[in-house]
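Letter by letter, the chains look like this.
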Amino acid sequence: MSKTILIIEDNFEIREGTAEILSLTGEYKVLTAVDGKEGVDMAFKHRPDLILCDIMMPELDGYGVLYMLSKNETTGDIPFIFLTAKSERTDIRKAMEMGADDYLTKPFDDIELLNAIESRFRKREKRVVRQLISESTKRANLQLSEEEQNYLLQSLVKEARVKALKKKQRIYEAGDTPIFIYYLVKGKIRSFLLYQDGRELSTGIHIDDSFFGYEALLLNEQYSDNAEALEDCEIALIPKEHFFELLYNKSGIAKKFITLLSGNIREKEEQMLGFAYDTVRKRVANALVNVAEKSALSSKDDEITIRISRDDLAALAGTANETISRMLADFKDEKLITKTGNAIIIPSVAKLKAVR
């Protein structure tokens, strides 16, 4: 479909010569106006795709034409190119400050004119495409499926640097400033608090295909706990700038992490209540269940096999190593667990959950 170009020019030769050049291309429909007042009326009536306008004209000059058209909703976004013999820098600056898209100095040749027009149309088309994409993205943000969310997050992970960790290697410490969000590719990670007397209190266990370390980022705080590898691991280091860019552009992703953050806070609150009111026996049972649900080596029906050191289990249950040894012995006598080497076999997670 041909585009319409309005030429506003009081000089007959320039007006008709420019119109002839554009008509000969076969791509444009040309309208002409002999002065600024007529040009404004024609722009309102026909709403052309682009306007070529002289500056020095009687009654209403080119600056006045641009001002009037820019203030009207129906004509304010029409590409506007000045045609003039005025070539002083102050004139060019004034035209651009008023919102002109380009400025051609007379005399200009055919190629210069056509290139300027085509350049304006290309830029306008790109702007329209960006607007359409932006509007489409905004609509899509509100309706991201779980599959779409996972795809976007996995794309973020694939672009990140992957780091191999040895067992007991620290990832971050309390007081550090977050610069990454972490994704556990393979292995197990534990987060924990470390007290001045050397005691540890585990606050969580992270398993394959899970994000961790994002709480401090989302809260804009330093880490309040520590994180280390429970076994040899591989983690993806996602720069916080890339993470926040995805959150800002995809509200569905932001909602997902707000939900995760809320769940983590609720889990920690329940853990603290357990430390305050549960018996040591119940706390050790809960710690075993927690490890079983998050880091099982194998399972058969309700039976699950796990592997965790007594130190780590003590930190997770908030008790001493000696107490862990005694509780594990009691659970073994009650057939709630069995042991093979350093592996703990839980015949029934449901029964362990029911311990009081």
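Residues numbered from 1 in each chain as written. Predicted model: local features only at pLDDT ≥ 70, side-chain atom pairs only at ≥ 80, totals over all residues. Heavy atoms only, no water.

A. Inspection of the overall build of the protein at higher detail. Across its full length, the protein carries 13 helices and 17 strands. Going through the 356 residues of the protein one by one, you find that 43% of them count as buried. Intrachain contacts of the protein at a sequence separation of at least 6 include 70% that bridge at least 24 residues. (Helix = DSSP H or I, 4+ residues; strand = E, 2+ residues; numbered from the N terminus. Buried < 20%, exposed > 50% of the residue type's maximum accessible area, 1.4 Å probe, protein only. Contact = heavy atoms within 4.5 Å.)

B. Quick look at the packing of helix α6 (residues 146-158) against helix α8 (residues 240-249). Close contact between α6 and α8 brings their axes to 11 Å; oriented N to C, the two are set at 160°. On the basis of the axis angle, α6 is roughly antiparallel to α8. Of the two elements, α6 crosses α8, and the hand of that crossing is right-handed. On the side of α6, the interface is formed by Leu152, Leu153 and Leu156, while α8 contributes His242, Phe243 and Leu246. When its residues are assigned to classes, the contact of α6 with α8 shows five nonpolar, one polar and no charged. (Axes fitted to C-alpha atoms, helices over the stretch in contact; angles between N-to-C directions. Parallel < 35°, antiparallel > 145°, perpendicular 65-115°, else oblique. Left-handed = near helix turned anticlockwise from the far one by under 90°. Nonpolar A, V, L, I, M, F, W, Y, C, P; charged D, E, K, R; others polar.)

C. Structural detail: the pairing of strand β3 (residues 50-54). By the criterion of burial, β3 is predominantly enclosed, with five of the five residues buried. Side chains Leu50, Leu52 and Asp54 of β3 all project onto a buried face; the interleaved residues Ile51 and Cys53 project onto the opposite face, where all are buried too. Where strand β1 (residues 3-8) lies against β3, four bridges are found, and the strand directions are parallel. Along β3, the bridge assignment pairs Ile7 with Leu52. Considered for its hand, the β-α-β crossover made up of β3, helix α3 (residues 62-70) and strand β4 (residues 80-84) is right-handed. (Pairing = 2+ DSSP bridges. Right-handed = clockwise from strand over helix to strand, strands pointing away.)

D. View of the pattern of salt bridges. Inspection of every chain in the model, using the stated rule, returns 13 salt bridges. The partner of Glu173 in a salt bridge is Arg170, with the nearest N and O atoms 3.3 Å apart. The shortest N-O distance in the salt bridge between Glu228 and Arg190 comes to 3.2 Å. A residue pair is termed long-range when its members are at least 10 positions apart, and Glu228 in strand β12 (residues 226-229) and Arg190 in strand β9 (residues 189-194) qualify at 38 residues. Overall, the relative accessible area of 5% leaves Glu228 in the buried class. The buried category is assigned to Arg190, whose relative accessible area is 2%. A cluster of three or more residues bridged by salt bridges with shared partners is formed by Lys168, Arg170, Glu173, Arg190 and Glu228. (Salt bridge = Lys/Arg side-chain N within 4 Å of Asp/Glu carboxyl O.)

E. Highlighting the pairing of strand β17 (residues 343-346). With burial as the criterion, each face of β17 is covered, one bearing Ala343 and Ile345 and the other bearing Ile344 and Ile346. Two elements, strand β15 (residues 303-306) and β17, share three bridges in a ladder whose sense is antiparallel. Each residue of the ladder has a partner; that of Ile304, found in β17, is Ile346. Hairpin connection, strand β16 (residues 338-340) to β17: the antiparallel pair is bridged by two residues, and Gly341 has positive phi, about 65°.

F. Quick peek at the sheet that holds β3. Strand order in the open sheet made by the five strands is β2-β1-β3-β4-β5, with parallel pairing throughout. The strands lining the two open edges of the sheet, one partner per strand, are β2 (28-33) and β5 (102-105). The average angle at which neighbouring strand axes cross in this sheet is 20°, direction not considered. By the bridge criterion, four bridges tie β4 to β5 in an arrangement that is parallel. Within the sheet, the bridge partner assigned to Phe82 lies in β5 and is Tyr103. Strand contacts of helix α2 (residues 36-46): β1, β2 and β3, with the helix running at about 140° to β2, the strand carrying the most contacts. Together, β1, β3 and β4 form the strand contacts of α3, whose direction differs from that of β4 by roughly 170°.

G. The nonpolar core, seen in detail. The biggest cluster of nonpolar side chains holds 27 residues, and the ones touching the most others in it are Leu288, Ile306, Phe331, Ile346 and Leu352. Only α10 (280-295), β15, α11 (310-317), α12 (321-333), β17 and α13 (349-353) provide two or more residues apiece to this core. For this core, the element with the highest residue contribution is α10, accounting for seven residues. Listed in part, the 22 residues of the second largest apolar core include Ile8, Ala33, Val65 and Ala100. (Core = buried A, V, L, I, M, F, W, Y, C linked by side-chain atoms within 4.5 Å.)

H. Region of interest: the sheet that holds strand β7 (residues 170-172). The strand order across the open sheet built from four strands is β7-β12-β9-β10, with neighbouring strands paired in antiparallel fashion. For this open sheet the edge positions go to β7 and β10 (200-206), each flanked by a neighbour on one side alone. Between one strand axis and the next, the sheet turns by 30° as a mean value, whatever way the strands run. The sheet contact formed by β9 and β12 spans four bridges and is antiparallel.

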